[in-house]
Amino acid sequence: MYSKFRVKKITGTYSDTIEAFGLANLLKDIQSRTNLSRPKLWIEDKGLYYEITSKPEMQLDQINRLNYFPFFQYAIRETSETTFEDNYFDYPQQRDFKKEKQELTEKAYKEFTGKDKIQQLQDRLNAIDRIYEVEKFISPQLDVYSQIITSNNFVGFNKLYRNVSLNKNAFPEIIKAILDYYSDKKIELKINSLNSFEASVTALQIYNPTTGKGQNKGKASGASAGPVKLGWISETMKISGSITNMLCKPVKVGSSYDVKVVVPDFKKAEYSKQKKIALSFKKNIKGNTPLKIDILNLLIINKQLIENTDEYSNFKAKNILTGLHSVYQKDLGQNKAVVNIAKLKTPEFIEFNTENEAKDWVEFLKEQISIIRSIDELGDAVQGLIAYRIFLDTSHFQSWAKFIFWYAEHIMSNFSKNKYALPFKETSLSKFFKNMTMNDFKISEIISNDGFQKVAYAIRKSTVTLQYTPKEQRKFDIRYGLAQALQNKSKSVADLAEFIGEFIAIFNAETARHAEKTGNVLRANIRENELDQFYRLLDMYPSKIIGALLASYGFALTEKEKKENIDQTEGFELENELTKE
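Residue positions are counted from 1 within each chain, in the order its sequence is given. Per-residue local features are limited, in this predicted model, to residues with pLDDT of at least 70; the limit for side-chain atom pairs, both in listing and counting, is 80 or more; totals at the level of whole chains, interfaces and linings are taken over all residues. Each side-chain value is derived from all of the structure's non-hydrogen atoms; neither hydrogens nor water enter the calculation.

Some details on the sheet that holds strand S3 (residues 49-58)
Move 1: Strands were regarded as paired on the criterion that DSSP finds at least two bridges between them. Only DSSP runs of H or I covering at least 4 residues are called helices, and only runs of E covering at least 2 are called strands; the numbering of each starts at the N terminus. A sheet is described by the order of its strands in space; here four strands give the open sequence S1-S3-S2-S10, paired in antiparallel fashion. The open sheet has two edge strands, strand S1 (2-8) and strand S10 (268-270), and neither has a second partner. The average undirected angle you get between the axes of adjacent strands in this sheet is 15°.
Move 2: Here strand S2 (residues 40-45) pairs with S3 via six bridges, running antiparallel. Each residue of the ladder has a partner; that of Lys-40, found in S3, is Lys-55.
Move 3: Note on definitions: a residue-residue contact is assigned when non-hydrogen atoms from the two residues lie within 4.5 Å. Interaxial angle, 0 to 180 degrees, is taken between N-to-C directions of lines fitted to C-alpha atoms, where a helix line uses only the stretch in contact. Across the sheet, helix H1 (residues 14-33) is in contact with S1, S2 and S3; its angle to S3 comes to roughly 5°.

Following this line, the structure appears as structure tokens:
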């Protein structure tokens, strides 16, 4: 009988992870073809290995009665090719569908340009999506098959596929050998009696990013560049796991494209949930520059995780998803070289206890995705994006501070050049910081302070709110340079206190002068007791943190401000997520 299986972590990369996914794919297929009562399948990271549990147990007589089925779809590389399988992956057709969709999308962007045609553009893009989700379905597995069909990769793929397809009569024995292998039992499969069976194949970089040859090994063993051979069982499972759970995203570098390979790594979750999240992740990812892809990967996978959960009490994303394996492959012409292997961790701060809090997190992540997509990965934006990526990966507030100070300046700079920028929503920030802690205090202790809120209000009314207001309706001057000054003055308590005091004095004077001259009160003065409350915060908390939080809230918009002002913005070049992809 078979119930628990172990996939040992040999490399510590996604190679181990896709092997575990591949075995889970096979076990699920076996469960569906046997008379198991309400079968369940769990994958859990045990540290040194992945443990896969099948309930109920699989009996040997059930394995012996199995009829042949392929472990994954065979692929044809050219239209003229024929195959011995009815169900195959038609790469030429899928490639053409993708090309057609890209051409139609580019045509839509050219046809509907300008702010007044945003909705028409969105409607056209939605119509195009429907065509290629139904009539000309583009498989979410196309990205992986695009790597498989290259000459070097296809040789191994073909051999491993035919190991099974050419030995259908021995199918139960092959399945038993795989199950024995992952159950630490003796393998009894007699390979010599099988047809054209390859016991080992050349290790391929797409599945084994750390595999080197000769002098390129982790510990050099010589100058030979001969192939590294790996066993047929593990390599077959890796192919299956890569097809269902790997993302291969092109990365634009100059005029050419490298490849970012990403694989979700779960701590513990039921198989069907993991597969559903991975599929949604592949369908929704966008972006084609290195930093943005990393950030969007983490934001989108966590958004999909939350949307696919129904257990809200004591939910912590990191307890289900450990993060994303990420490998960067440099295009060298005929081949690709691995230049970076990393693991992006799930943020520690994504946690909640109720369904409403889960919905708040989804909305916040959607907002973050839109903001990151709107940023061009050029110039000083690179440093801002690096800080944001570090923040997600480490959950350190200091990295958030670096990003938000940069982003506040970015918003001001864009508006000064008549370019649209996406501000944060004040309500989203409050929900985001609700349970976040710093050392021995909660961020909410600062942001809930009335003095802090009033100073942030004054900053907002001197910057982004005015920028959203048409020039002829502005009654006050925009304070350009405020974000940079706030960052510089936040380095010490004395400097920040002096800076805020001077700023509020000018703000109040301008407000009072306008009210006296026109009789209209367009914005509220900051009272002395409110300013005193803010000063008391400086006696209790680090000035750098208070400054970063002021940048977060001071360059955000309230729901009311966003609704009142966003549609009034005229003459701005729109660069939101709709027109960036």
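Structural notes on helix H3 (residues 91-111)
Move 1: By this rule, a helix spans an expected 1.5 Å times one less than how many residues it contains. Along its 21 residues, H3 runs 30 Å from first to last C-alpha, staying within 8% of the 30 Å computed at 1.5 Å per residue.
Move 2: Burial here depends on accessible area, computed with a 1.4 Å probe over protein chains only, as a share of the maximum for the residue type. Under 20% is buried, over 50% is exposed, and the range in between is partly exposed. Of the positions making up H3, those classed as buried are Tyr-91, Pro-92, Gln-94, Phe-97, Thr-105 and Ala-108.
Move 3: If you follow the buried residues of H3, they end up packed against strand S4 (74-76), strand S5 (88-90), helix H4 (118-135) and helix H5 (142-148).
Move 4: What qualifies as a polar contact is a pair of N or O atoms within 3.5 Å, subject to a donor-acceptor requirement within protein and to the restriction that residues adjacent in sequence count only when both atoms come from side chains. Capping the start of H3 is the job of one residue whose side-chain oxygen sits 3.2 Å from the backbone nitrogen of Gln-93: Asp-90.

So, the sheet that holds strand S9 (residues 256-266)
Strand pairing in a sheet relies on backbone hydrogen bonds, with the paired strands running either antiparallel or parallel.
Move 1: Spatial ordering of the open sheet is given by S8-S9-S12-S13, a layout of four strands whose pairing is antiparallel. Among the strands making up the open sheet, the edge pair consists of strand S8 (247-253) and strand S13 (336-345). Within the sheet, the average angular offset between the axes of one strand and its neighbour, ignoring direction, is 25°.
Move 2: Pairing between strand S12 (residues 321-331) and S13: nine bridges, direction antiparallel. In the strand pairing of S13, Leu-324 is matched with Leu-344.
Move 3: Taken strand by strand, H1 contacts S9 and S12, and its axis lies near 60° from that of S9.

Section: the nonpolar core
Move 1: Counting 173 residues, the largest nonpolar core has Trp-400 and Phe-433 as the members making the most contacts within it.
Move 2: Element by element, the count of residues in this core is highest for helix H13 (residues 397-416), at twelve residues.
Move 3: Leaving out residues up to four positions away in the same chain, Phe-433 has contacts with Phe-397, Trp-400, Ile-443, Ser-444, Ile-447, Leu-549, Ser-552 and Tyr-553. By nonpolar core we mean a set of buried residues, namely Ala, Val, Leu, Ile, Met, Phe, Trp, Tyr and Cys, connected to one another through side-chain atoms within 4.5 Å.

Some points on the environment of Ile-149
Move 1: Summarising the element assignment, Ile-149 is placed in the loop between H5 and helix H6 (151-165).
Move 2: It is 6.2 Å that separates the C-alpha atoms of Ile-149 and Arg-77, two residues lying 72 residues apart in sequence.
Move 3: In this view, Ile-149 contacts Ala-75, Arg-77, Tyr-91 and Phe-154; residues no more than four positions away in its chain are not counted.

A closer look at the pattern of salt bridges
Move 1: The salt bridge definition used is simple: a Lys or Arg side-chain nitrogen within 4 Å of an Asp or Glu carboxyl oxygen. Going through the model one piece at a time under the given rule, you end up with 27 salt bridges.
Move 2: Note that Arg-124 and Glu-111 form a salt bridge whose closest N and O atoms lie 3.3 Å from each other. On the criterion of sequence distance, the pair formed by Arg-124 in helix H4 and Glu-111 in helix H3 is long-range, its members being 13 residues apart.
Move 3: By relative accessible area, Arg-124 is classed as partly exposed at 33%.
Move 4: Glu-111 sits in the partly exposed class, given a relative accessible area of 36%.
Move 5: Between Lys-176 and Asp-180 there is a salt bridge whose closest N-O contact spans 2.8 Å. Of this pair, Lys-176 and Asp-180 both sit in helix H7 (residues 171-181), four residues apart, which is roughly one turn of the helix.
Move 6: It is possible to trace a salt-bridge network through shared partners that takes in Lys-4, Glu-44, Lys-46, Glu-51 and Lys-268.

Examining the packing of H3 against H4
Move 1: Running from amino to carboxyl end, H3 crosses H4 at an angle of 170°, the nearest separation of the two axes being 10 Å. The pairing of H3 with H4 is recorded here as roughly antiparallel in orientation. Contacts between H3 and H4 involve Phe-97, Glu-100, Lys-101, Leu-104, Thr-105, Ala-108, Tyr-109 and Glu-111 from the former and Leu-121, Arg-124, Leu-125, Ile-128, Asp-129 and Tyr-132 from the latter.
Move 2: Asp, Glu, Lys and Arg are counted as charged, while Ala, Val, Leu, Ile, Met, Phe, Trp, Tyr, Cys and Pro are counted as nonpolar; the rest, among them Gly, fall into the polar class. Split into classes, the residues belonging to the contact of H3 with H4 amount to eight nonpolar, one polar and five charged. Our angle categories are set so that under 35 degrees counts as roughly parallel, over 145 as roughly antiparallel, 65 to 115 as roughly perpendicular, and the remainder as oblique.

Some thoughts on the packing of aromatic side chains
Move 1: Aromatic rings from Phe, Tyr and Trp, with only the six-membered ring used for Trp, were paired whenever their centres fell within 6.5 Å, and each pair was classed as stacked if the ring planes differed by under 30 degrees, edge-to-face if by over 60, and tilted otherwise. With the rule as written, the count across this model stands at 47 aromatic pairs.
Move 2: Taking the centre distance of 4.9 Å and the plane angle of 85° together, the rings of Phe-197 and Trp-232 count as edge-to-face. Note that Phe-197 is positioned in the loop between H7 and strand S6 (200-202) and Trp-232 in helix H8 (residues 232-245), a separation of 35 residues in sequence.
Move 3: Residue Phe-197 is classed as buried on the basis of its relative accessible area, which comes to 12%.
Move 4: Under the relative-accessibility criterion, Trp-232 is labelled buried at 6%.
Move 5: With centroids separated by 5.6 Å and ring planes inclined at 80°, the aromatic side chains of Tyr-407 and Phe-424 adopt a geometry described as edge-to-face. Placement of Tyr-407 in helix H13 and of Phe-424 in the loop between H13 and helix H14 (426-433) is noted, with a sequence separation of 17 residues between them. This pair shows no difference in class: Tyr-407 is buried, exactly as Phe-424 is.
Move 6: Remark: a charge is flagged as sitting over a ring if the NZ atom of Lys or the CZ atom of Arg is within 6 Å of the ring centre and within 35 degrees of the ring normal. One Lys or Arg, Arg-33, reaches over the ring of Phe-69 and ends 4.1 Å from the middle of that ring.

The values reported here are purely geometric and, on their own, carry no functional implication.
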